[in-house]
Amino acid sequence: MIIEQIKNEILLLNKKYIDESEDGYDFWNNHIKYVVEEAMYLAETHNADKEIVELAALLHDVALMAKVGTKADHHKNGEIIAGELLNKYGYPEYRIEQVQGCIFNHRSSSYATNIEELCVADADILAHFDNISSAFILGATKFNFTKPEEFMEWFQKDYEDLSDVTKISFQERYNNIMSVLFGDLWEE
Ligand SMILES: [Fe+2]
Ligand SMILES: [Fe+2]
């Protein structure tokens, strides 16, 4: 129930962002849906609280989607907006705080203070590797990358930011992806 309600809120916000913002970025199809998918997979393997993880995955970038504040503080604004949305649907306060923790700490697995936060932080990174073309478009348009090296370093940094346990389970796939994308540049 609460999952559907929050998903609907996010889809509405996504449509509004596409219609009204300059870049027309489709957060849902390029990023959020993959984060949710990866987060649910990690929640299953780590025996985490799935409802908390799914809500946080849906809401983790809500401040960017709602165009509140800057990218640098989207974790803080996201925490506030998520609290308001969950409160609107009568979600219990102590559960809201758990979701908020995942949002506040989603920018790196090293910030995670519990397993739910770790699932969301790692899923945010893994989502980039699920949708490489979008990652390239983002790198080229938002970060002005022009050289393969720049993209490669970006992916490497992403991988380094994963938790140790996810690094191990993702390593083989990561090596395959990197060698397909960057060839000799990667294998040297
Ligand atoms: Fe984010
Ligand atoms: Fe994200």
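We now turn to the structure provided with this report. (Residues numbered from 1 in each chain as written. Chains lettered and ligands numbered in written order. Predicted model: local features only at pLDDT ≥ 70, side-chain atom pairs only at ≥ 80, totals over all residues. Heavy atoms only, no water.)

1. Section: the coordination of the iron ion (ligand 2)
Around the iron ion (ligand 2), the protein contributes the donor atoms His31 (NE2), His60 (NE2), Asp61 (OD) and Asp124 (OD), at 2.1 to 2.2 Å from the metal centre. Coordination at the iron ion (ligand 2) is irregular, judged from the four donor atoms that bind it and the angles of 83 to 173° they form at the metal. Going along the chain, you hit the donors of the iron ion (ligand 2) in the pattern H-x28-H-D-x62-D. Among the residues examined, His31 registers a relative accessible area of 8% and is labelled buried. (Donors = N, O, S within 2.8 Å, 3.2 Å for Na, K, Ca; no water. Tetrahedral: all angles 85-135°; square planar, octahedral: opposite > 155°, others 65-115°. Buried < 20%, exposed > 50% of the residue type's maximum accessible area, 1.4 Å probe, protein only.)

2. Observations concerning the environment of Lys33
By the secondary structure assignment, Lys33 is in helix H2 (residues 27–46). Remark: the alpha-carbon pair of Lys33 and Asn105, spanning 72 residues in sequence, is separated by 19 Å. Here Asn29 takes part through its side chain, which lies 3.1 Å from a polar atom of the side chain of Lys33. (Helix = DSSP H or I, 4+ residues; strand = E, 2+ residues; numbered from the N terminus. Polar contact = N/O pair within 3.5 Å; in protein donor to acceptor, adjacent residues only side chain to side chain.)

3. Concerning the state of the cysteines
Working definition: the covalent bond between the sulfur atoms of two cysteines is a disulfide. All told, the structure shown has zero disulfides when counted by the stated rule. You can see Cys102 has no disulfide; the closest cysteine sulfur is in Cys119, sitting 8.1 Å from it. Given the relative accessible area of 0%, Cys102 is considered buried. You can call Cys119 buried: its relative accessible area is 0%. (Disulfide = S-S within 2.5 Å.)

4. Topic: the coordination of the iron ion (ligand 1)
Reference values for angles at a metal are 109.5 degrees in the four-donor tetrahedral case and 90 or 180 degrees in the six-donor octahedral case. Those donors, Asp61 (OD), His74 (NE2) and His106 (NE2), are the protein atoms that reach the iron ion (ligand 1), and they lie 2.1 to 2.2 Å from it. The motif formed by the donor residues of the iron ion (ligand 1), counted along the single chain, is D-x12-H-x31-H.

5. Structural notes on unusual backbone geometry
The phi dihedral of Lys67 falls on the positive side, at around 55°, and the residue is not glycine. Structurally, Lys67 can be placed in the loop between helix H4 (62–65) and helix H5 (74–88). In this structure, Asn144 takes a positive phi of about 55° despite not being glycine. In this structure, Asn144 sits in the loop between helix H8 (132–142) and helix H9 (148–160).

6. A word on helix H7 (residues 115–130)
An α-helical segment advances 3.6 residues per turn. Residues three or four places apart therefore align on the same side. For H7, spanning 16 residues, the distance from its first C-alpha to its last is 22 Å, which sits close to the expected 22 Å at 1.5 Å a residue. Of all the bends found along H7, the most pronounced is centred on Asp124 and spans about 25°. Of all the 16 residues making up H7, 14 are buried; the element is thus mostly covered by neighbouring parts of the structure. Regarding H7, its N-cap is Asn114, as a side-chain oxygen of that residue lies 3.2 Å from the backbone nitrogen of Glu116 further along. (Expected span 1.5 Å × (residues − 1). Bend = angle between axes of the 7 residues up to and from the residue.)

7. Observations concerning the nonpolar core
Among the nonpolar cores identified, the biggest contains 58 residues, and Ile6, Leu59, Leu86 and Val99 are the most heavily contacted of them. Setting aside residues no more than four positions away along its own chain, Ile6 makes contact with Leu55, Leu58, Leu59, Leu85, Leu86 and Tyr89. (Core = buried A, V, L, I, M, F, W, Y, C linked by side-chain atoms within 4.5 Å. Contact = heavy atoms within 4.5 Å.)

8. What about the pattern of salt bridges?
Side chains that differ in charge, positive against negative, can pair when their charged atoms come close. Scanning all chains against the criterion turns up ten salt bridges. For Glu9, the salt bridge goes to Lys88, with nearest N and O atoms at 2.6 Å. Of this pair, Glu9 sits in helix H1 (residues 2–20) while Lys88 sits in helix H5, and the two are 79 residues apart along the sequence. Judged by its relative accessible area of 54%, Lys88 is exposed. Lys142 is the partner of Asp23 in a salt bridge, and the nearest nitrogen-oxygen pair spans 3.0 Å. (Salt bridge = Lys/Arg side-chain N within 4 Å of Asp/Glu carboxyl O.)

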